[in-house]
Amino acid sequence: MYLACHSYYSLRYGTLSVEALVRQAVMNGLESLALTDINSTTGVIDFAKQCKAAGIKPLAGVEIRKADQLLYIAIAKNLDGFREINELLTKTNLSEMPLPKQSPYFNHVFVIYPTDNVPEILQKHEFVGIKPAELKRYQPSFTKKAEKLVCLYPVTFSGNQEFNLHKLLRCIDNNMLLSHLPPKQYAGTGEYMIPISELKALYQEYPYIIRNTEVLMEQCSFPFDFQSPKNKKCYTSSYYEDKILLETLALEGFKDRYSADNHVAKQRLYDELETIHKMQFGCYFLTTWDIIRHSLSKGYFHVGRGSGANSLVAYCLKITEVDPIELNLYFARFLNNKRTSPPDFDIDWSWTDRDDIIDYIFKRFGREHTGFCGTVTDFKHRSTVRELGKVFGLPKEELDQLSRTTFDQKPQDKLVKSIQHYGKMLAGFPNQLSMHSCGIYITEEPIANYTAMNVYPKGVPTCEIDMYMAETFHLEKIDILSQRGLGHIKEAVCIAEKNKGVKIDIADTKSFKKDEKCNTLLRTGKTLGCFYIESPAMRGLLRRLKCDSYETLVAASSIIRPGVAQSGMMREYVERHRDPSRIKYFHPVFEEQLKDTYGVMVYQEDVIKIAHHFAKLDLNDADVLRRGMSGKSRSQQEMDKVKGQFFSNCEAMGYPKAMVEEVYRQIASFAGYSFCKSHSASYAVESYQSLYLKAYYPLEFITAVINNNGGFYRPEVYITEARMLGAHIEAPDINFSLSNASLKGETIHLGLDQIMHLSKKGIAGICQAREKGGPFSSLADVLDRAALNFDDTSYAIYAGALRSISRSKGQLIIEAKRYFHHEPVKTQALQLFQVQPKAHTYELDEGDMFEDAFDEMEGLGYPVSVSPFDLLKTNYRGAVYASQLLQNEGKTVRMVGYLISIKDVPITNKDGKTKMNFGTWIDIYGGYFDTVHFPASLKKHPFTGLGCYLLLGKITIDHDFPSIEVLKMEKLPMIPD
């Protein structure tokens, strides 16, 4: 009887969760129920699962609306009908065409029109919905259509409180005050569920309406399959052909990766292939290989990371660059017989290449079978307060203050009380649909079988369900990610080839790992610009470890993770690494399996090792144990079974009970914060590629870093690093700069993109005009050929980008104003003669180097022509410099530093929650140093923005890594602008 029910996936309209809707259906004695959210099928599959569990027959549908007008309701007769509904929504969403006022022809869908939108002729599958209130003004013309009339009793909320919430949601959606909300934009007060007997009583004088409704619902079903995998099943035409192709490709790749007599690797390859085929995951490997093959053919760089790097087959297919045998990585960590969901490869590309990879995937596997993963964003605390506050008419100042409070604080007045009350009700409500950052689905059946598609800012067809909804019916994503580190590498290789004529085999990572220059940079922490190892914390850890090997770098990438570091295991690892006498093993198995990490559990794989070798669990069960301890187990029953096996195996081997309990406690406490070793290993390979480029092609590398928007630090820091590497830096200039930074000899010309606020159109205009007609000779020449507007012109002038034309910015600005004030509107007509502009002379001060520096700070965000230290009022530069810290341990010194970065660390002391800071600085000579600011010092001497500071502090040395415990600091004043 209920053919029009809304959940809160009718965004900013419905107020009932799917669970609440089904729960009410049970309470009111319903045997079947239709979910018809507004222009959305997002909640349908979850609704079907909830109904099945509750013993209710689910019907899948949608309510088609244009603005606030109900056009019709579509109810799927079966799964094909659900697909037709999704295809309609997808077609209109992707084309941005309006939904049709009248239903298109459906083969497997019933259509129900409201009484104010009934077509003259109703098709066999079309009906008219009559609301109870409309029975009083029943139109005689409807008597002729008696067989076409059905009940239409909408459900949107559960009572008065939710009715009020519904009105607030409508105000939020329409961005209006509650007092301005017109009745046509919200539902009627009676749209809540009542017992089925009461609903039938409303239509008792029209029994044929009840009968028609029941017959319609009986003809509908939604037998959705929640069990079988939904991803693409075969890469070729059959599982067998997939098996042959995968084996062939893997064996071909094996020849490149290993010697023919490496029997251990060959046996591992066959073992992995057997598991892959047994679990029918061959298509997943081949699909990923296909994407990688395309990537390599285009010359793109990629990194296959995550647990996929545990696979030797993936290594042979060039999906990853991590040798699992070299690092003793277990394939069971990635794929084993106990897994209930497919594994996934996480693959990074350069941010410049990722869009092409995505485009290839959609074209290669078909748009009907490919879609980006969606996300459902919830109402968060601050946005909820602000949205509700605007609806109630609160001023911005009060909203700012209120958004910083919690809903549990005592309200100050009636309005605040209402905001808190309805804010709590809104908690967790879906607010908007959007797209996942990287997930893509490739399906066997058309995606319309599961969801509709939409287009969000990136312009990629995106599913209107999120990854958690998809996982419930076994649709798994593949992650296509991007990062700027690969952009650094790719561009550095290109610049080196262009400038020095060298072709770098950047895939030769085995030699990079053994290169002394690379390892010297690692050991000394001179890794600025290098992917994953350039942050202050990482550079400090590398110095403490005296890291000079791939294996140590892999460990460093793991132990710096918050969980390991906070547990104290990072410090313990450093201590044991530097002092072998501290190494202690809990049991001989720990010594045998954790010798490489000095008995310290560093990786998720360590849990598998101990469970396998200490408790003799097979590798599959060991991974089940790891996943369960990490909170990722889908079956508590399975987890309990493996735990019991762990203890029974240990008992059978005669281990003391106390020892077994302690081992289990250790791995349980560790599993929650452990890190995947293969993930660290993948990133460590990329780090070595960056290290090699920085060691042998430093200026090419740092230019590429600048062009790919840096990394951990702001552009100015990389420009300073370029100077330290021997580069001469030229600020942007319209006659010498490209859109990005360019390297000529040892001179880096910063790109026009460094000029703040200069538009992309302006940059393109300058570069294209200069490429076509040569250097610019005057401002008029620039304006005629590059077609800049006044704003772009003034940004370029003040940043000093026209200094090759004139040193007088004042004169250039006056000329620009005259040009734009007097210049007539240009026509497309060709000029017969090139008319030279009338020359004007001005007696204006050209300024000095300090004024230029301040203009650079205004126009670029940092000075180029001088150092920040040159702009200080004082000539004092400190008593000690970064290079002298190790020789002055324990001394209290004064230093002058230019602030590079600040890290906040929340802590709890006797006074409650507070914070401490870590700072990173550059001294007058370009040396980097680090500071520690404890709460007491920070409270008296806080950071007050970027600039140079005078620091007073004590030098401390932690395993050869110096830092300053700051007692006092003050920002130093600059000379006046």
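Structure shown above.
### Topic: the environment of Glu-126
Now for step 1: The residue Glu-126 is located in strand E5 (residues 126–130) in this model.
Now for step 2: We classify Glu-126 as buried; its relative accessible area is 4%.
Now for step 3: Sequence-distant contacts of Glu-126, defined by excluding residues within four places in its chain, comprise Ser-103, Val-111, Tyr-113, Pro-119, Ile-121 and Lys-148.
Now for step 4: A polar side-chain atom of Glu-126 sits 3.0 Å from a polar atom in the side chain of Tyr-113.

### A look at helix H19 (residues 536–545)
Now for step 1: Counting buried positions over the 10 residues of H19 gives seven, a clear majority of the element.
Now for step 2: Of the residues making up H19, those classed as buried are Pro-536, Met-538, Arg-539, Gly-540, Leu-541, Leu-542 and Leu-545.
Now for step 3: Among the residues trailing H19, Lys-546 stands out with phi positive, at a value near 50°.

### A few points about the pattern of salt bridges
Between side chains of opposite charge, a pair can form when the charged atoms approach closely.
Now for step 1: This structure, assessed with the given rule, holds 43 salt bridges.
Now for step 2: Ionic pairing is found between Arg-364 and Asp-290, a salt bridge with its closest N-O pair at 3.1 Å. Of this pair, Arg-364 sits in helix H11 (residues 354–365) while Asp-290 is found in helix H9 (residues 282–297), placing the two residues 74 residues apart along the sequence.
Now for step 3: By relative accessible area, Arg-364 is classed as partly exposed at 35%.

### Some points on the packing of helix H12 (residues 381–392) against helix H13 (residues 396–403)
Now for step 1: Running from N to C, H12 and H13 cross one another at 150°; their axes reach a closest spacing of 9 Å. Taken as axis vectors, H12 and H13 run roughly antiparallel relative to one another. Between H12 and H13 lies a crossing whose hand is right-handed. Between H12 and H13, the contacting residues are His-381, Arg-382, Val-385, Arg-386, Gly-389 and Lys-390 on the first element and Leu-399, Asp-400, Leu-402 and Ser-403 on the second.
Now for step 2: When its residues are assigned to classes, the contact of H12 with H13 shows three nonpolar, three polar and four charged.

### As for the sheet that holds strand E6 (residues 149–151)
Strands pair in a sheet through their backbones, by hydrogen bonds, and they do so in one of two ways: parallel or antiparallel.
Now for step 1: With mixed pairing, the six strands of this open sheet are ordered in space as E1-E2-E3-E4-E5-E6. Since the sheet does not close on itself, it has two edges, and those belong to strand E1 (32–38) and E6, each with one partner. Geometrically, the sheet is characterised by an average inter-axis angle of 35° between neighbouring strands, direction not taken into account.
Now for step 2: The pairing of strand E4 (residues 109–113) with E5 spans three bridges and is parallel. Counterpart to Tyr-113 in the pairing with E5 is Val-128.
Now for step 3: Its contacts with the sheet put helix H2 (residues 44–54) on E1 and strand E2 (57–66), and the angle it makes with E2 is roughly 150°.
Now for step 4: Lying on the sheet, helix H3 (residues 79–95) is in contact with E2, strand E3 (69–76) and E4; it crosses E2 at an angle near 20°.

### A word on a negative patch on the surface
Now for step 1: Residues Asp-848, Glu-851, Glu-858 and Asp-977 make up a contiguous surface patch of negative charge.
Now for step 2: You can see Asp-977 is positioned in the segment after strand E21 (961–971).

### Here we look at the sheet that holds strand E18 (residues 912–922)
Now for step 1: Around the barrel, which closes on itself, the five strands sit in the order E17-E18-E19-E21-E20 with mixed pairing between neighbours. Mean inter-strand twist for the sheet, computed between neighbouring axes without regard to direction, equals 40°.
Now for step 2: Pairing analysis gives 11 bridges linking strand E17 (residues 892–909) to E18, with the strands arranged antiparallel. Looking across to E18, one finds that Asp-904 is bridged to Asn-917.

### Some details on the nonpolar core
Now for step 1: In terms of nonpolar packing, the biggest core is built from 136 residues, with Tyr-2, Leu-21, Leu-33, Phe-285, Val-313 and Phe-473 touching the most fellow members.
Now for step 2: Ranked by residues supplied to this core, first place goes to H9 with seven residues.
Now for step 3: Residues in contact with Leu-33, not counting those within four places in the same chain, are Tyr-2, Cys-5, Leu-21, Ala-25, Phe-47, Ile-56, Lys-57, Pro-58, Leu-59, Met-193 and Met-217.
Now for step 4: If you look at the next biggest cluster of nonpolar residues, it comprises 96 residues, including Ile-533, Leu-691, Val-717 and Ala-722.

What counts and how
- Residue numbers here run from 1 along each chain, matching the order of that chain's written sequence.
- The predicted nature of this model means local features are confined to residues of pLDDT at least 70 and side-chain atom pairs, given and counted, to a pLDDT of 80 or more, with totals for whole chains, interfaces and linings taken over all residues.
- Values shown for side chains rest on all heavy atoms present in the structure; no hydrogens or waters enter the calculation.
- Numbering goes from the N terminus for both helices and strands, where a helix is a DSSP run of H or I of at least four residues and a strand is a run of E of at least two.
- Relative accessibility decides the category of a residue: with a 1.4 Å probe and only protein chains considered, values under 20% of the type maximum give buried, values over 50% give exposed, and everything between is partly exposed.
- It only takes one pair of heavy atoms within 4.5 Å for two residues to be counted as in contact.
- Contacts described as polar in this section are N or O atom pairs within 3.5 Å, which, within protein, must combine one atom able to donate a hydrogen with one able to accept it, while residues neighboring in sequence count only if both atoms come from side chains.
- By definition, a salt bridge exists where a carboxyl oxygen of Asp or Glu is found within 4 Å of a side-chain nitrogen of Lys or Arg.
- Note on geometry: axes are C-alpha line fits, over the in-contact stretch for helices, and angles between N-to-C directions span 0 to 180 degrees.
- Roughly parallel means an angle under 35 degrees; roughly antiparallel means over 145; roughly perpendicular covers 65 to 115; every other angle is labelled oblique.
- Handedness of a crossing is defined here by the sense of rotation of the near helix relative to the far one, left-handed for an anticlockwise turn of less than a right angle and right-handed for a clockwise turn.
- Only Asp, Glu, Lys and Arg are considered charged, only Ala, Val, Leu, Ile, Met, Phe, Trp, Tyr, Cys and Pro nonpolar, and every remaining residue, Gly among them, polar.
- Being paired, for any two strands, means DSSP has found at least two bridges between them.
- Patch definition: residues with relative accessible area over 30% and no salt bridge; like charges joined within 9 Å; nonpolar side chains (Val, Leu, Ile, Met, Phe, Trp, Tyr) joined within 5 Å.
- To measure how exposed things are, a 1.4 Å probe is used in the Shrake-Rupley method; for residues, cover is taken only from the protein chains shown.
- When charges are tallied, Lys and Arg are placed among the positive residues and Asp and Glu among the negative ones, while His and the ends of the chain are skipped.
- In this description, the location of a charge corresponds to atom NZ of lysine, CZ of arginine, CG of aspartate or CD of glutamate.
- As used here, the term nonpolar core means buried Ala, Val, Leu, Ile, Met, Phe, Trp, Tyr and Cys residues forming a set that is joined through side-chain atoms within 4.5 Å.

What is shown is where atoms sit, not what they do.
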